[in-house]
Amino acid sequence: MANVNIKFNGKEFLLSCDDGQEEHLEELLTHINQKFSNLKNDLGNIGENKLLLITSVQIMDEYFETKKKVEQKKTELQNLSNKFRELKSLVYDYRDRKEEEMKELQQDHESFKKEIEKNKEDYEKIIEAAADEIENFVEKANLENPIQ
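Residues numbered from 1 in each chain as written. Predicted model: local features only at pLDDT ≥ 70, side-chain atom pairs only at ≥ 80, totals over all residues. Heavy atoms only, no water.

*Asks:* Looking at this model, I keep getting lost on the UniProt feature "coiled-coil region" (unreviewed entry) in the chain. Mind explaining?
*Replies:* As recorded in UniProt, the sites labelled "coiled-coil region" (unreviewed entry) are residues 60–140. When the span residues 60–140 is considered, its composition is 100% helix and 0% strand, and the gap between its end C-alpha atoms is 117 Å. (UniProt positions renumbered as here; feature names shortened; annotations may be inferred. Helix = DSSP H or I, 4+ residues; strand = E, 2+ residues; numbered from the N terminus.)

*Asks:* What should I look at first to understand unusual backbone geometry in this one?
*Replies:* Negative phi characterises most residues that are not glycine, and trans characterises most peptide bonds. Here Asn9, not a glycine, exhibits a phi torsion of approximately 55 degrees, which is positive. Position of Asn9 among the secondary structure elements: in the loop between strand E1 (2–8) and strand E2 (11–17).

*Asks:* I keep staring at the pattern of salt bridges and nothing clicks. Help me out?
*Replies:* In a structure, side chains of opposite charge can pair up when their charged atoms sit close to one another. Considering all chains together, one arrives at nine salt bridges under this definition. Across the salt bridge formed by Glu71 and Lys74, the nearest N and O atoms sit 3.7 Å from each other. A residue pair is termed a helical-turn pair when its members lie 3 or 4 positions apart in one helix, as Glu71 and Lys74 do in helix H2 (residues 48–144) at three residues. Glu99 serves as the salt-bridge partner of Arg95, at 4.0 Å between the closest nitrogen and oxygen. Placement of both Arg95 and Glu99 in helix H2 is noted, with a separation of four residues, approximately one turn of the helix. What makes Glu99 partly exposed here is its relative accessible area of 40%. Several salt bridges converge on common partners, so that one network encompasses Arg95, Asp96 and Glu99. (Salt bridge = Lys/Arg side-chain N within 4 Å of Asp/Glu carboxyl O. Buried < 20%, exposed > 50% of the residue type's maximum accessible area, 1.4 Å probe, protein only.)

This is the structure in structure tokens:
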């Protein structure tokens, strides 16, 4: 435990605190002493006990207002966090759906390529067959009607 000498309302006090907390305690008591002095200047000398009580009430009022704001910000942060999680989930769902659609499109593309290749081969076979038929027809025609 560490000891800190402080001056409050013109009086010296020796306070104990945890090691390493000396600066924080001095800063806190400087703030309280400033509030006390401001009230003493504003209200006059109405008695040390009343001034201490009013100072305490003011500090607690600030504390509760700050606490309410912190709680409000925590709630807002939690709401934002929930919305972010929801958005993140939607993004992942969208990505997964699009990847599935891309796979389907790739499969369709491959299927169309195979179908086009098969149609091309069938067309070439038909053309070859038609050419053979025409050639056979011409040969038969030439054989039946020799040129005179």
